[in-house]
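Here is how the chains run, residue by residue.
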Amino acid sequence: MNPFYEQQKGKLHIEISRNLSFPEHLHSHTEFLYMLEGETELSVGETVYPMHQGDCAIIFPGKVHGYHSVSDNRIWLLVFDTSLTASFQYILQKYFPVCPFLPAGTISPDVLLAIDRLYCTDMEKNSALGSAWIQIILAHTVPRLELTEKKQPESENLTYQLIHYMAEHFQEPLSLDSLAKALHVNKYYLSHIFSEKLHMSFPRYLNHLRIEYVCSTMKDSGKSLTSIWEEAGFSSQRSFNRAFQELKGMSPLAYRKAL
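Residues numbered from 1 in each chain as written. Predicted model: local features only at pLDDT ≥ 70, side-chain atom pairs only at ≥ 80, totals over all residues. Heavy atoms only, no water.

## Looking at the packing of helix H4 (residues 158-169) against helix H7 (residues 202-220)
Item 1. Orientation of H4 relative to H7, taken along the N-to-C sense of each, is 50°, at an axis distance of 10 Å. As summarised for this structure, H4 and H7 are arranged oblique, according to the angle between their axes. For the crossing formed where H4 meets H7, the hand is right-handed. Facing H4, whose interface residues are Ile163, Met166 and Ala167, H7 presents Phe202, Tyr205, Leu206 and Leu209.
Item 2. Within the contact of H4 with H7, the residues separate by chemical class into seven nonpolar, no polar and no charged. (Axes fitted to C-alpha atoms, helices over the stretch in contact; angles between N-to-C directions. Helix = DSSP H or I, 4+ residues; strand = E, 2+ residues; numbered from the N terminus. Parallel < 35°, antiparallel > 145°, perpendicular 65-115°, else oblique. Left-handed = near helix turned anticlockwise from the far one by under 90°. Contact = heavy atoms within 4.5 Å. Nonpolar A, V, L, I, M, F, W, Y, C, P; charged D, E, K, R; others polar.)

As structure tokens, then:
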């Protein structure tokens, strides 16, 4: 799954993610995560939440968030469309939590049961059942959150615009200059946004988007690596191999063989 801004292909994505670590991103779906083991850091806006075994969090639609792995970890990760949430849809769209984090020991066992059932549910054949399990998760967690009404549309926020634009155009030739021009801001101010809000440089963030596209495409298709890295926006095989090794710790061929 490409976790960066996108319209998800399906209404539900569920997986056990290992060593989840992604820079700040956003999407129009709701995201729920439950720490099975290990540690990670969840960043939402300006705040970082250390997460350990048994902790969980709910990311409302359109909120900028990221994961930074602290140690080996396993995480239940659910990403679902608000159309599956019935009466919770209004809340998810109109409000957001002051703190999206819920500590271990405060979660009903029914939440874990619902996650397990969702993992076994064929959403194409029984979306109503899947929706019911999602509502059980929300019914046990949302009332524990302190919610505040959205006052300013997230789309007016420059960080939101930046992430959104790059996710839609990362396959094209991009530079800090062209990005600044497209967003009508000074490139030096934009560079500051990358370092302060996204915690990395423009080139590294761009490489993250492209490499995640490459990994997702390798899993879902039998296309040649050359076709994939060209589609991702890399200008040469050398730059692609260097970026892949830096971000994944192995060569593209080794990664594909391990799938």
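## Digging into the nonpolar core
Item 1. One finds Leu162, Met166 and Phe194 to be the most contacted residues of the largest nonpolar core, which totals 36 residues.
Item 2. Put simply, the parts of the chain that give this core at least two residues each are H4, helix H5 (176-183), helix H6 (187-198), H7, helix H8 (225-232) and helix H9 (237-248).
Item 3. For phenylalanine 194, the residues in contact, after removing those within four places along its chain, are Leu162, Met166, Leu176, Leu179, His199, Met200, Ser201, Phe202 and Tyr205.
Item 4. Of all hydrophobic cores here, the second largest spans 27 residues; its members include Leu12, Tyr34, Leu84 and Leu118. (Core = buried A, V, L, I, M, F, W, Y, C linked by side-chain atoms within 4.5 Å. Buried < 20%, exposed > 50% of the residue type's maximum accessible area, 1.4 Å probe, protein only.)

## Points about the state of the cysteines
Item 1. Under the counting rule described, the total for this entry stands at zero disulfides.
Item 2. The cysteine cysteine 99 is free of any disulfide, with cysteine 56 supplying the nearest cysteine sulfur at 10 Å.
Item 3. Not part of a disulfide, cysteine 120 finds its nearest cysteine sulfur in cysteine 56, a span of 20 Å.
Item 4. Classification of cysteine 120 by relative accessible area gives exposed; the value is 63%. (Disulfide = S-S within 2.5 Å.)

## What about the sheet that holds strand E2 (residues 22-25)?
Item 1. Spatially, four strands are ordered E2-E7-E4-E5 in an open sheet, and the strand pairing comes out antiparallel. Looking at strand neighbours, the two that pair on one side only are E2 and strand E5 (47-51), the edges of this open sheet. Neighbour to neighbour, the strand axes of the sheet diverge by 20° on average, direction disregarded.
Item 2. Bridge count for strand E4 (residues 40-44) against strand E7 (residues 65-69) is five bridges, and the pairing is antiparallel. Across the sheet, residue glutamate 41 finds its bridge partner in E7, namely histidine 68. (Pairing = 2+ DSSP bridges.)

## Focus on the sheet that holds strand E10 (residues 101-102)
Item 1. Ordered by their spatial adjacency, five strands build an open sheet running E1-E8-E3-E6-E10, and the pairing between neighbours is antiparallel. Pairing within the sheet leaves two strands with one partner each, and these edge strands are strand E1 (12-18) and E10.
Item 2. Bridge count between strand E3 (residues 30-37) and strand E8 (residues 74-80): seven bridges; the pairing is antiparallel. What sits directly across from methionine 35, in E8, is isoleucine 75.
Item 3. Seen against the sheet, helix H2 (residues 109-119) touches E1, E3 and E8 and runs at an angle of roughly 105° to E1.
Item 4. Where helix H3 (residues 127-141) meets the sheet, it contacts E1, E3, strand E6 (56-59), E8 and E10, and its direction lies at approximately 110° from that of E8.

## Let's talk about the pattern of salt bridges
Item 1. Summed over the entire model, instances satisfying the criterion amount to eight salt bridges.
Item 2. Among the ionic pairs, glutamate 37 bridges to arginine 74, the shortest N-O distance being 3.2 Å. Here glutamate 37 is found in strand E3, whereas its partner arginine 74 is found in strand E8, with 37 residues between them in sequence.
Item 3. Glutamate 37 gets classed as partly exposed once you look at its relative accessible area, which sits at 36%.
Item 4. In this structure, lysine 223 engages glutamate 231 in a salt bridge whose closest nitrogen and oxygen atoms are separated by 2.9 Å. (Salt bridge = Lys/Arg side-chain N within 4 Å of Asp/Glu carboxyl O.)

## Comments concerning the environment of proline 97
Item 1. Relative to the elements of secondary structure, proline 97 occurs in strand E9 (residues 95-97).
Item 2. Remark: the alpha-carbon pair of proline 97 and phenylalanine 22, spanning 75 residues in sequence, is separated by 21 Å.
Item 3. Not counting the four nearest positions on each side in its chain, proline 97 is found in contact with Ile58, Phe60, Leu145, Glu146 and Leu147.

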